[in-house]
Amino acid sequence: MIRQFDGLVIQFQQRVMPFSILHSLFSICILYLMVQPPIMQGIIHLEGIRKNYFLGKQVIEVLKGITLDIFKNEYVALMGPSGSGKSTLMNILGCLDTPTGGRYVLNNQDVSKMVDNSLAEVRNTEIGFVFQQFNLLPRLTAAENVALPLVYAGVPKKKRMERALHVLELVNLADRSHHKPNELSGGQNQRVAIARALVNDPAMILADEPTGNLDTKTSYEIMDIFGRIHEGGNTVILVTHEEDIANHAHRIIRLRDGVIETDKRREMAIPRAH
Ligand SMILES: Nc1ncnc2c1ncn2[C@@H]1O[C@H](COP(=O)(O)OP(=O)(O)O)[C@@H](O)[C@H]1O
Ligand SMILES: [Mg+2]
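Residues numbered from 1 in each chain as written. Chains lettered and ligands numbered in written order. Predicted model: local features only at pLDDT ≥ 70, side-chain atom pairs only at ≥ 80, totals over all residues.

A. Examining the site of ligand 1 more closely. Close to ligand 1 lie Tyr53, Leu55, Ile60, Val62, Gly80, Ser82, Gly83, Ser84, Gly85, Lys86, Ser87 and Thr88, which account for all nearby residues. Looking at the shell around ligand 1, the elements that each hand over two or more residues are β1 (44-55), β2 (58-70) and α2 (86-93). Counting residues per element, the shell around ligand 1 draws most heavily on α2, which supplies 3 residues. (Near = placed C-beta within 6 Å. Helix = DSSP H or I, 4+ residues; strand = E, 2+ residues; numbered from the N terminus.)

Spelled out as structure tokens, the structure:
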């Protein structure tokens, strides 16, 4: 009788216990998946990005391992002292330069190992870049400057001009479309440059100190345009060393000596003056 009972216990341990252990493990897994949010990967995903410059035998380590995700429709300000690597990082984000090491995934494409032609393609379709110096061609009108990226994209002339006029309207410059850069103010030229960055309908806008050459009032006008671009659903990343400019953004990332010092999201942006 006792033997029989022992047998039953052994059977119970052999058959039922493994099942109950499996059942518990299964429940734990389900619970974990319910509690744990899915791992989100941003429109920009950087993993240990490094950038070295070589001057003769000297190696200058500019970016020393940047790991970062930026999500669709974020509005990010990149800050930090002069020489901390902001422009170097922006050039990598904008596919104008490639990292020495690490991984950069842009919109699900690993761009860190891409060669020049493919990088140019990504740049043309995914990214609008705005520089401090505007970088407009002096002989071309505002509309022609804005339409230039569409020439590279092989868009027919009539379509190019229609699209250029449309984005010039977005930056309130439709009435200056036939003016050349030297016939426009600094703020107007920067608006032309922003229109050029928007003309391809890119996934994100990158701007490296876009208000660096402008007076305060004009800077605010430019920030108002970036605010509207962001509200329109675009991802905006801009470099600035001015706190009040950075306060327009929802997230502030500070670089120091080639590493991220702080990365903070704000609850609410300061309302913009209209
Ligand atoms: N092409 C280059 N060759 C060598 N050093 C460079 C080059 N570009 C930038 N650097 C150096 O990298 C550091 C970071 O530069 P940069 O990214 O322009 O900083 P930031 O935009 O924050 O002022 C600086 O010390 C700069 O001198
Ligand atoms: Mg810079």
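B. Unusual backbone geometry, seen in detail. With a phi angle near 70°, Asn108 is a residue other than glycine that sits in the positive phi range. As for its position among the elements, Asn108 is in the loop between β4 (101-106) and β5 (109-110). The backbone of Asp257 shows a phi angle near 50°, a positive value even though the residue is not glycine. Tracing the sequence through the fold places Asp257 in the loop between β9 (251-256) and β10 (259-265). What makes Asp257 partly exposed here is the crowd of 14 C-beta atoms within 10 Å. (Buried ≥ 20, exposed ≤ 12 C-beta atoms within 10 Å, placed from the backbone.)

C. Representation of the sheet that holds strand β7 (residues 204-208) in the model. Strand order in this open sheet of 6 strands is β6-β7-β8-β3-β9-β10, and the pairing throughout is mixed. Here the strands that pair on one side only, and so sit at the sheet edges, are β6 (127-130) and β10. Taking each pair of neighbouring strands and ignoring which way they run, the sheet shows an average axis angle of 15°. As paired elements, β6 and β7 share 4 bridges and run parallel to each other. Bridging across to β7, Val130 finds its partner in Ala207. Along the sheet, helix α7 (residues 216-231) contacts β3 (75-79), β7 and β8 (235-239); its crossing angle with β8, the most-contacted strand, is approximately 150°. (Pairing = 2+ DSSP bridges. Axes fitted to C-alpha atoms, helices over the stretch in contact; angles between N-to-C directions. Contact = placed C-beta atoms within 7 Å.)

Everything listed is a geometric property; what it means functionally is a separate question.
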